[in-house]
Amino acid sequence: MYDITTRTNLGYNEAIAKVKEELTKEGFGVLTEIDVKSTLKKKLDYDFTDYIILGACNPPFAKKALEGEMNIGLLLPCNVIVYVDGDETVVSAIDPKEMLKIAGNKDFLTIADEIKERLERVISNM
């Protein structure tokens, strides 16, 4: 499993607002927002479900990781997605421990553990 996921009865826009609020409580900011539905409609004239990718960053952890290895920026920020699935809204975050395994740098395990704990709190508070 490479994700931390929950389903909620919150509406799509409510879930986005709530996940941003919870990310802020855990020290994350949202650097990017990719509206997948809008992009697929605009670029391919394809109708897709409501779906957004939020690029979340915790600056102190990002700084620490980048000081350890400059190319770790390829794995930043932590993505959090929100999408509609039937009558529910799904909120999911990348598992940073799984993602950082790619780097093969054991020094990142401590960082990944702390980030994972924070993201698990975000998801569980949805």
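Here we summarise the structure given alongside this text.

Procedures and definitions
- Residues numbered from 1 in each chain as written.
- Predicted model: local features only at pLDDT ≥ 70, side-chain atom pairs only at ≥ 80, totals over all residues.
- Heavy atoms only, no water.
- Salt bridge = Lys/Arg side-chain N within 4 Å of Asp/Glu carboxyl O.
- Helix = DSSP H or I, 4+ residues; strand = E, 2+ residues; numbered from the N terminus.
- Expected span 1.5 Å × (residues − 1).
- Buried < 20%, exposed > 50% of the residue type's maximum accessible area, 1.4 Å probe, protein only.
- Arc of directions from axis to C-beta.
- Contact = heavy atoms within 4.5 Å.
- Disulfide = S-S within 2.5 Å.
- Core = buried A, V, L, I, M, F, W, Y, C linked by side-chain atoms within 4.5 Å.
- Phe/Tyr/Trp six-rings, centres within 6.5 Å; stacked < 30°, edge-to-face > 60°.

1. Here we look at the pattern of salt bridges
Counted by the stated rule, this structure contains 15 salt bridges. Here Glu-98 makes a salt bridge to Lys-101, at a shortest N to O gap of 3.1 Å. Salt bridges here are not isolated pairs; linked through shared partners, they connect Lys-18, Glu-21, Glu-22 and Lys-25.

2. Observations regarding helix 5 (residues 108-124)
Because an α-helix completes one turn every 3.6 residues, residues spaced three or four positions apart along the sequence face the same direction. The end-to-end C-alpha distance of helix 5, which contains 17 residues, comes to 24 Å, matching closely the 24 Å that a straight helix rising 1.5 Å per residue would cover. For helix 5, the set of buried residues is Phe-108, Ile-111, Ala-112, Ile-115, Leu-119, Val-122 and Ile-123. One side of helix 5 holds all its buried residues, which, seen down the axis, span an arc of 100 degrees. Facing away from the buried surface of helix 5 by more than 90 degrees, the exposed residues are Thr-110 and Ser-124. Those residues of helix 5 that are buried are in contact with strand 1 (3-8), helix 1 (12-25), helix 3 (59-68), strand 4 (78-85), strand 5 (88-94) and helix 4 (96-100).

3. Examining the state of the cysteines
Under the definition given, this model contains zero disulfides. The cysteine Cys-57 is free of any disulfide, with Cys-78 supplying the nearest cysteine sulfur at 7.8 Å. Given a relative accessible area of 16%, Cys-57 falls into the buried group. With a relative accessible area of 6%, Cys-78 lands in the buried category.

4. With respect to the nonpolar core
By size, the foremost hydrophobic cluster in this structure holds 29 residues, and its most contacted members are Val-19, Leu-23, Val-80, Val-82, Val-91, Ile-115 and Leu-119. Looking at this core, the elements with two or more residues in it are helix 1, strand 3 (51-57), helix 3, strand 4, strand 5, helix 4 and helix 5. Looking at which element gives the most residues to this core, the answer is helix 5, with seven residues.

5. Considerations on the packing of aromatic side chains
Taken as a whole, this structure holds three aromatic pairs when the rule is applied. On the basis of an interplanar angle of 35 degrees and a centroid distance of 6.2 Å, the ring pair of Tyr-46 and Phe-48 is categorised as tilted. Judged by relative accessible area, which is 45%, Tyr-46 ranks as partly exposed. Relative to Tyr-83, the ring of Tyr-51 lies with its centre 5.2 Å away and its plane at 10 degrees, an arrangement referred to as stacked.

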